[in-house]
Amino acid sequence: MTHKIAPSILSADFANLQRDIEMINQSEADWFHVDIMDGVFVPNISFGFPVMASLQKHAKKPLDVHLMIVEPDRYITRFADYGTHLLSVHIEACPHLHRSIQAIKQAGMKAGVAINPHTSIQQLEDVLGDIDLVCLMSVNPGFGGQSFIQNTYRKIEKLNNMKRQHNLNFEIEIDGGVTLQNYKQLIAVGATVLVAGNTVFNSENPSVTISSIKQ
Ligand code: DX5
Ligand code: ZN
């Protein structure tokens, strides 16, 4: 099965958002990766519902929304209303993760769980059968354009082993520091979705860069 590419609109030009959304629509990208940051869970604030409304209106591919916010349960149904296809919450922000996952599904979305670089994937073991995607953070969340944390390779391998052992089907998404230099190795060890912000939007031809990562 071929891997998916999810360009992160955090690195888009917000003065030309419609243009950048159209670029993704026309490209070989599979999903839109949408980073929501609250300035509390992470030391940065990105954007919220007005941008979700623009995406809902113009995006022609599924919205993969990554919540980097505290108390995400408060907003699950709002994100469903804005056409979110897959909603990921952070394990570190969810004291009742199983309940959050059920709420996401009940709202009609696919459910993802994101985990920070310091968090062990063992902590996911008891929910792996309930989710559609694990978002492995390969940078500390909060900013685009950071360097890839090498230990992520080991985490992908471990997670992929757990996936095989239990005969499960969830996507393994890698988020942060994905480049034209490391994407092949990430896929080789088990990644199935690659998020790319800086690599796509700061390249000379974003659409061609997306195609390259898709090869
Ligand atoms: C980081 C975000 C990422 C970010 C990736 O907190 O979750 O999705 O946009 O950006 P790059 O690809 O630039 O590292
Ligand atoms: Zn993200």
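Residues numbered from 1 in each chain as written. Chains lettered and ligands numbered in written order. Predicted model: local features only at pLDDT ≥ 70, side-chain atom pairs only at ≥ 80, totals over all residues. Heavy atoms only, no water.

A tally of helices and strands in the protein yields eight helices and eight strands. The C-alpha atoms of the protein give 16 Å as radius of gyration, which agrees with the globular expectation for 215 residues (17 Å, within 12%). With the C-alpha coordinates aligned to their principal axes, the bounding extent of the protein is approximately 40 × 35 × 30 Å. Here the protein holds 215 residues, and the buried ones make up 55% of them. By sequence separation, contacts in the protein at least 24 residues apart represent 65% of the contacts at least 6 residues apart. Of the roughly 9,700 Å² that the protein leaves accessible, carbon and sulfur atoms contribute 47%. The positive charge centre, built from 17 side chains, and the negative charge centre, built from 21, are 3 Å apart in the protein. (Helix = DSSP H or I, 4+ residues; strand = E, 2+ residues; numbered from the N terminus. Rg over C-alpha atoms; globule rule 2.2 N^0.38 Å. Buried < 20%, exposed > 50% of the residue type's maximum accessible area, 1.4 Å probe, protein only. Contact = heavy atoms within 4.5 Å. Areas by Shrake-Rupley, 256 points an atom, 1.4 Å probe, with all protein chains shown as cover. Lys, Arg positive; Asp, Glu negative; His and termini not counted. Charge placed at Lys NZ, Arg CZ, Asp CG, Glu CD.)

Here we take up the site of ligand 1. Around ligand 1 sit 20 residues in total, of which Asp35, Gly142, Gly145, Asp175 and Gly197 are the nearest. In this structure, His33 approaches ligand 1 through a side-chain N or O atom, which is 3.3 Å from an oxygen atom. The fraction of the free accessible surface of ligand 1 (380 Å²) that becomes covered by protein chains is 99%. Elements with a contribution of two residues or more to the shell around ligand 1: strand E2 (32–37), strand E3 (63–68) and strand E8 (193–196). In terms of residue count, the dominant contributor to the shell around ligand 1 is E2 (three residues). Counted by class, the shell around ligand 1 contains eight nonpolar, ten polar and two charged residues. (Near = heavy atom within 4 Å. Polar contact = N/O pair within 3.5 Å; in protein donor to acceptor, adjacent residues only side chain to side chain. Nonpolar A, V, L, I, M, F, W, Y, C, P; charged D, E, K, R; others polar.)

Let us look at the coordination of the zinc ion (ligand 2). Surrounding the zinc ion (ligand 2) are the protein donor atoms His33 (NE2), Asp35 (OD), His66 (ND1) and Asp175 (OD), at 2.0 to 2.3 Å. Mapped onto the sequence, the residues coordinating the zinc ion (ligand 2) show the spacing H-x1-D-x30-H-x108-D. Of the residues examined, His33 reaches a relative accessible area of 0% and is grouped as buried. Owing to a relative accessible area of 4%, Asp35 belongs among the buried residues under this scheme. (Donors = N, O, S within 2.8 Å, 3.2 Å for Na, K, Ca; no water.)

Counting residues in each nonpolar core, the largest one holds 61 residues, and the members touching the most others are Met52, Leu55 and Ile174. In this view, Met52 contacts Val34, Ile36, Leu63, Val65, Phe79, Tyr82 and Thr84; residues no more than four positions away in its chain are not counted. (Core = buried A, V, L, I, M, F, W, Y, C linked by side-chain atoms within 4.5 Å.)

Within strand E5 (residues 110–115), five of the six residues are buried, which leaves it mostly tucked inside the rest of the structure. The pairing of strand E4 (residues 86–90) with E5 spans five bridges and is classified as parallel. Looking at the pairing, His90 lines up with Ala114 of E5. At this point the chain moves from E4, through helix H4 (residues 97–106), to the parallel E5, and the crossover so formed is right-handed. For E5 and strand E6 (residues 133–137), the ladder comprises four bridges, and the chain directions are parallel. Residue pairing in the sheet places Ala114 in a bridge with Cys135 of E6. (Pairing = 2+ DSSP bridges. Right-handed = clockwise from strand over helix to strand, strands pointing away.)

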